[in-house]
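Here are the chains, one letter per residue:
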Amino acid sequence: MDDMGNSNDERQKTFLLITCLNLNGASKDMINYRISCFKAMEGMYSIANLERSPMRGYFIGSQIEGTTLIGSESDEDIMFVNEDITVICETDRHEVDQLGERLNRFHSTQIKSNIPIGVILESEETPGYVKIRVVDAKTYNPLTECDTNPISHLCYTDSKGFLLLSTEKLKTRIGTATSERYRNGPAMTETSTKEFHSSDLVYGLFTKAWPKSADEWLSRKRRYPWPPTNITKLVYDGCFLVPTGSSYESETIWRLSFVQIEKEMVWAWSAIQYKCFMLLKLIKRSIIQPAIPDVISSYQLKTIMFWVSEETDPMFWKTNNIRECFTRCFEFLLEYVQKENCPHYFVRTNNLFRGKLNRSLKEELICLLFRILQNFWTEVFKIPSLREVSENLEEGEIERYGDVLTATMRHPELLKEIMNLYFSVIISFATSAMKPAFKFLRKNDIDVAIKRHHEYRLLIARFSLTDPEHLELEQLINRLIDISLGSQLNSKACKTEDNIEKTKLIHEAEMLFKRGINLDTASGRLKLATLYFCQGKYRSVCNLIKEVSTTEGVFQLNGFEPQSPDISFPYALRIISEQPSLASTLRDHAALELVFLPSEINSAPDPIKFEINRAVLAENECSLDNPLSWAAFDADFYTLLLKFLILHEQNAYQERNETLSKLREYVKKTNSFYRRISAMNIVGYCLQLVGEVQWALDVFLGSLVL
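Presented here is an overview of the structure given in this document. Just so it is clear, the model here is predicted, and its values are computed rather than measured.

### Some points on the overall build of the chain
For step 1, the next point in the chain: When its secondary structure is counted, the chain shows 29 helices and 16 strands.
For step 2, the next point in the chain: Burial statistics for the chain: of 706 residues in total, 56% are counted as buried.
For step 3, the next point in the chain: When contacts within the chain are restricted to residue pairs at least 6 apart in sequence, long-range pairs at least 24 apart make up 70% of them.
For step 4, the next point in the chain: When the accessible surface of the chain is totalled, it reaches about 31,500 Å², and 48% of it is carbon and sulfur.

In structure tokens, the structure reads:
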């Protein structure tokens, strides 16, 4: 009978622990949300930098791996990789003749003949860490300080006079330290980001070749089929090299980084493996770190999970077996501490405990780990984030929290986290989608603008996001291109005197706008309304304005000053429950800003023409991505402006003046510095249009002062 009672008690505690972990963000649904969102943001970042920079951004770490828990204030980790610098594996002197062939095989489309090549130099004394010697791209001879080369400013000269790539000089490419940026080992940490506690920005290099020191990972015999074969094949994609933050610290030492393969291995975990790892992180953060700081890291725990996954039967990982699963992982940790050796998963000879443990710390840590292991349930439910949730739960309710929506109703912090993820992607879309196109569209040359839009569409097609949900976001970018291209065609039609050509251009622009209406609640409709406004079809304009104005629950997205919208709890629940994807959330709940480029000046309403001219005049004083380089407006503001202009044309003075008052109110309530300047200029134009010249001058003066 006692055994039966103990069994029931164990089962209830197991169910309670799993429920608490789920409500802290460890459910498979929540993990998938996080992974999906960060994959999408990584894609948006890559699109935003197409043909603009040799630097490519990769999200790394717990956010994109899906292993962040609610309230953990986890960093947003981003690696910037300079793809202009080609790096290959170490080559002995007698292999120089074959080096050219190897380069062509690995990097035939990447090597730039005028930029030297980096050759990895590995040493048994520093496993997992390498030096990068600089060689000539044509002769493959090592370069010295006497040789002229375009990256000499990024090099360090060794004792023999040869050039090595310098970690310190390359780290400065991330940026200089400011009040909001500070050095953090190999990273630059940036505080006060939108949804995250901070962002760690790491500069890195890429090598297509697989390092010799990691060959053992490929060749070792595995008892169980983990990692899956499709992941082991990723070795052909190479690895990264990042500046050191270790006891091997040196200006010329680089650390081998396998983050891309590591991500895939984490994504291959089962739900219970995720929970074990996230519980390990909770214990590290809440119990180990306060008692013995800076010895156990999340990366060491992830490495342990990799070893356990490789050496454990996949059938072992079952939900009702969570304590045994956790115990297996913890015993690996305990063994590694006792041996003072935590072997790196890819480079076994690289000890992750190197320089971390002394005799006193080791004994103290072993005692602490034994205490946790022997008093598992007591220690686990002492963890604040688990204790707080468990106190509000009845035992045995695990089945009621199988989906994210139900869980969020019990734990609002989970809903907040999900909405942060949702809006991070949507804001990333609004911020990034058209930046590459805007780069080319700085002048009032409509034909060039049309050509650039077509080129941009081809770039997007070559980039190609793969999974269905993110492919849908890519398709929405094409709808944004449709809207912007339609605006160029409409502008060209307004300038064309040939009636046949004009009719053809207007028809094509109209078709593009109608296709772009699928993008969001406002931008496509309002650009179509602009086309009808140019034709004097005021009834059609008013119908489109009505469609935009009567849409409920819409948040404005200013792409170049992104902010998460302030929404209510019921509305957030509605979005989660009704919207099956990020793309549908964007389509049904977002109103993207209206952007008018200099090439659209022929088709823009007169007040917008005024603002475009001001933007063009200010262009020389603005940086590339400064919003003052073109005219941009909230959908709500532009809707009021179109309504005002139609009412003025129709001599409906009372309603016109009421609408003008609403435009003036917008100026007072907007928190955006750039939007306020543009709105003031537009309101000033409208005031002089109705005869309030002195008032208009006062508004223009206020804008000028700003």
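### Describing the environment of Met-511
For step 1, the next point in the chain: Position of Met-511 relative to the elements: it lies in helix α20 (residues 499–516).
For step 2, the next point in the chain: For Met-511, a relative accessible area of 47% corresponds to the partly exposed category.
For step 3, the next point in the chain: For the pair Met-511 and Leu-528, spaced 17 residues apart in sequence, the C-alpha to C-alpha distance is 9.3 Å.

### Overview of the pairing of strand β5 (residues 129–135)
For step 1, the next point in the chain: Most of β5 sits inside the fold, with five of its seven residues counted as buried.
For step 2, the next point in the chain: As paired strands, strand β4 (residues 117–122) and β5 are joined by six bridges and run antiparallel to one another. Residue pairing for β5: Val-119 is matched across the bridge by Arg-133.
For step 3, the next point in the chain: Hairpin remark: β4 followed by β5, antiparallel, with six residues in the connecting loop; positive phi at Gly-128, about 90 degrees.
For step 4, the next point in the chain: Sheet topology note: the β5/strand β12 (residues 254–257) ladder contains two bridges and is antiparallel. By the bridge assignment for β12, Tyr-129 is matched with Arg-255.

### Overview of helix α28 (residues 673–689)
For step 1, the next point in the chain: Over its 17 residues, α28 extends 25 Å from the first C-alpha to the last, a length consistent with the 24 Å expected when each residue adds 1.5 Å.
For step 2, the next point in the chain: Where burial is concerned, most of α28 is hidden: 12 out of the 17 residues are buried.
For step 3, the next point in the chain: When α28 is considered as a whole, its buried residues turn out to be Arg-675, Ile-677, Ser-678, Ala-679, Met-680, Asn-681, Ile-682, Val-683, Gly-684, Tyr-685, Cys-686 and Leu-687.
For step 4, the next point in the chain: Positive backbone phi, approximately 100 degrees, marks Gly-691, located one or two places after α28.

Conventions we followed
- Residues numbered from 1 in each chain as written.
- Predicted model: local features only at pLDDT ≥ 70, side-chain atom pairs only at ≥ 80, totals over all residues.
- Heavy atoms only, no water.
- Helix = DSSP H or I, 4+ residues; strand = E, 2+ residues; numbered from the N terminus.
- Buried < 20%, exposed > 50% of the residue type's maximum accessible area, 1.4 Å probe, protein only.
- Contact = heavy atoms within 4.5 Å.
- Areas by Shrake-Rupley, 256 points an atom, 1.4 Å probe, with all protein chains shown as cover.
- Pairing = 2+ DSSP bridges.
- Expected span 1.5 Å × (residues − 1).

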